[in-house]
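Chain by chain, the residues run as shown.
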Amino acid sequence: MNTVKQSHSSPTDELDDSQKPHAPKSTSAWTWLNFLGDVSQSEVDILLLSTAFKFLLFPAYRSTDFEVHRNWLAITHSLPVSQWYYDTTSEWTLDYPPFFAYFESLMSIPASFIDPKIVDLQNLQYDAWTVIAYQRLTVIISELVLGAALLRFIRVSVDPSRQRILSASLFLHPGFLMIDHIHFQYNGFMFGILLWSILMACEGRKLASGILFAVLLNFKHIYMYLAPAYFIYLLRSYCVSPAGAIIPTRFISLANSVLLVFLASLGPFVLMGQLPQLLSRLFPFTRGLNHAYWAPNAWALVTAADRVLLQLVKHLDVGLVVNESGIASTSRGLVGDTVFAVIPNIKPIHTFIITIIFQMVYLIKLWIAPTYKSFVAALTLCGYASYMFGWHVHEKAILLVLVPLTLLASENYAYYKTFVIASVAGIFSLFPLIFTPAESLLKIVYSVIWGGMILYPLHKQLYEFPSSLPWVLLESFENAYLYGFAFLQAFVTLFPLMTGGNPDTEFLPLMATSVYCAVGLIWSFIRLSTLYIRQQY
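A brief structural summary. Note that this is a predicted model, so its numbers are computed, not measured.

1. A closer look at unusual backbone geometry
Residue Gln125 is not a glycine yet carries a positive backbone phi of 60°. Here Gln125 is to be found in the loop between α3 (98–114) and α4 (129–142).

In structure tokens form, the structure reads like this:
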């Protein structure tokens, strides 16, 4: 981790008006996007080409999440609000906050005109071409929220050329392609709201930043992982004066604004006496430590270590006690079924305490240095700590790390290398989500092209030769680790063919993927933590 240098891309709220970038007047046909600044032909080309490519994915593999969201369209269209969080017609019950339910209800209106069967509550597993095309199209359209935020980041940056690469990397991110446009979810839309919130902080509009984040929390509650960084940043930089005194007017305006957002979301359910039912849907505490496919975090390594110790106990007399119920659990990785065979079991309170301890380190630094750049780093690390040590973490949650981390990638070479390791490991960790033959080739080719288009140009601009022999050796090890993903992919592809689908070893490719990716993600977590703590803001 090289010595941290000052950023080349300061937020505009740290510049005076004469220094802030000004976009030239628009002369293109896309003048309706003037509020984002001039839209260049290359940006239009990226939008059109990426959209055309996503249209080609309409017939692609789709997960059960596709039926989940179709069922939510039916629930919010066919039932009164009072029954939304009680309906159990399908096993895919509504378990997102009310703003997302309102969003589904809004989307159900045109769906009912296109094909009434889409919103028929009893029409389970409906997969006509009309519903496929409609739901895929809603993802593309809603993702424009993300695109608009990324364009605006370019306009306010003091180094638009680098920011253009970062913005393109996010709009074309393999994670969004795999999770949203193949697997099926609406992450692009919701991360668009997050980026608009971060952008407001960048521009010094901190009240708007807080309101947008409150809105986001009421779309999907997983973003609570980031809430501690928002709380400290807005309190310290917006509500407290440089002398340390509370500014009552700002504190009240922020508190009332956030409260109004939550009242708009939860108010109807509070009035109906349904808040406990809603919360029981949002926070089911009956799940296990690991998801079915171990998310590549600290617990994946602990679980793998338990497997290794179990084999040692079986073949060597090491005097360790074996929990018989943990033998099947650690091999299957079922939801709610994580019991260790040798290592003491991890409980939710343990994961909570560890996560809070790590987050407190970053929050203290943020309180001391409440600048925009410090905020983005602390925000990323709060999400990272939750991913590394949280309870029942989904592999898709890695986007909570990769998206804000991208905003830091051009700070200097140390941040860039951290971004590369996390991105490669994080994107590869999503590969098991897409397992059908055609899409498997697509995810690999697309990710490699994305890496060549994004990582190589940034490397040329930011590369610094290591300053000493230890740093040379460290970078060599990091590069070897990155090259190792080619061998991991070969193993994942060939091993099932070589073993003939042996049920005793079928979990090994997933386990190898989880463990190998966890090594890189934990290392990049250590790198980023060290960089943030050492940097002077």
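Having seen the structure, we can now continue with the description.
2. Observations concerning the packing of aromatic side chains
Summed over the entire model, instances satisfying the criterion amount to 38 aromatic pairs. Taking 5.0 Å as the distance between ring centres and 40° as the angle between the ring planes, the aromatic pair formed by Phe55 and Phe58 counts as tilted. On the basis of relative accessibility, which here comes to 39%, the residue Phe55 falls in the partly exposed class. Aromatic side chains Tyr362 and Phe525 sit 6.5 Å apart centroid to centroid with 90° between the ring planes, which places their arrangement in the edge-to-face category. Highlighted residues: Tyr362 in helix α15 (residues 348–368) and Phe525 in helix α21 (residues 508–534), separated in sequence by 163 residues. Grouping residues by exposure puts Tyr362 and Phe525 together as buried. The residue whose ring lies beneath Lys54 is Phe171, and the NZ or CZ to ring-centre distance is 4.5 Å. The ring centre of Trp367 lies 5.3 Å from the NZ or CZ of Arg236, which sits over that ring.

3. Quick notes on the side chain of Glu203
Examined against the element boundaries, Glu203 turns out to sit in the loop between α8 (187–202) and α9 (206–217). Judged by relative accessible area, which is 16%, Glu203 ranks as buried. In this structure the side chain of Glu203 is engaged in a polar contact, spanning 3.2 Å, whose partner is the side chain of Arg205.

4. Here's the deal with the pattern of salt bridges
The tally for this structure, following the rule as stated, stands at ten salt bridges. With a closest N to O distance of 3.7 Å, Glu478 and Lys417 form a salt bridge. With a gap of 61 residues between them, Glu478 in helix α20 (residues 469–499) and Lys417 in helix α18 (residues 413–429) connect regions that are remote in the sequence. Relative accessible area serves as the criterion here: at 5%, Lys417 is assigned to the buried category. For the salt bridge of Glu478 with Arg527, the shortest nitrogen-to-oxygen distance reads 2.6 Å.

5. Quick notes on the packing of helix α2 (residues 64–78) against α4
Packed helices, taken two at a time, are described by their axes: the angle between them and the distance between them. At a closest axis distance of 11 Å, the pairing of α2 and α4 adopts a crossing angle of 90°. In terms of orientation, α2 and α4 fall into the roughly perpendicular class. Contacts from Phe66, His69, Arg70 and Leu73 in α2 reach Val131, Ile132, Tyr134 and Gln135 in α4. Grouping the constituent residues of the contact of α2 with α4 by class yields five nonpolar, two polar and one charged.

6. Observations concerning α18
Between its first and last C-alpha atoms α18 spans 24 Å; for 17 residues at 1.5 Å apiece the expected length is 24 Å, and the two agree. Most of α18 is tucked away: 16 of the 17 residues are buried. Taking the backbone nitrogen of Ala414 as reference, a side-chain oxygen 3.1 Å away marks Asn412 as the first, capping residue of α18.

7. Observations regarding the environment of Pro432
The topology assignment puts Pro432 in the loop between α18 and α19 (437–462). According to the relative accessible area criterion, Pro432 is partly exposed, its value standing at 23%. As a C-alpha pair, Pro432 and Ser514 span 82 residues in sequence and 9.6 Å in three-dimensional space.

The rules behind the values
Residues numbered from 1 in each chain as written. Predicted model: local features only at pLDDT ≥ 70, side-chain atom pairs only at ≥ 80, totals over all residues. Heavy atoms only, no water. Helix = DSSP H or I, 4+ residues; strand = E, 2+ residues; numbered from the N terminus. Phe/Tyr/Trp six-rings, centres within 6.5 Å; stacked < 30°, edge-to-face > 60°. Buried < 20%, exposed > 50% of the residue type's maximum accessible area, 1.4 Å probe, protein only. Lys NZ or Arg CZ within 6 Å of the ring centre and 35° of its normal. Polar contact = N/O pair within 3.5 Å; in protein donor to acceptor, adjacent residues only side chain to side chain. Salt bridge = Lys/Arg side-chain N within 4 Å of Asp/Glu carboxyl O. Axes fitted to C-alpha atoms, helices over the stretch in contact; angles between N-to-C directions. Parallel < 35°, antiparallel > 145°, perpendicular 65-115°, else oblique. Contact = heavy atoms within 4.5 Å. Nonpolar A, V, L, I, M, F, W, Y, C, P; charged D, E, K, R; others polar. Expected span 1.5 Å × (residues − 1).

These values are about where atoms sit, not about what they do.
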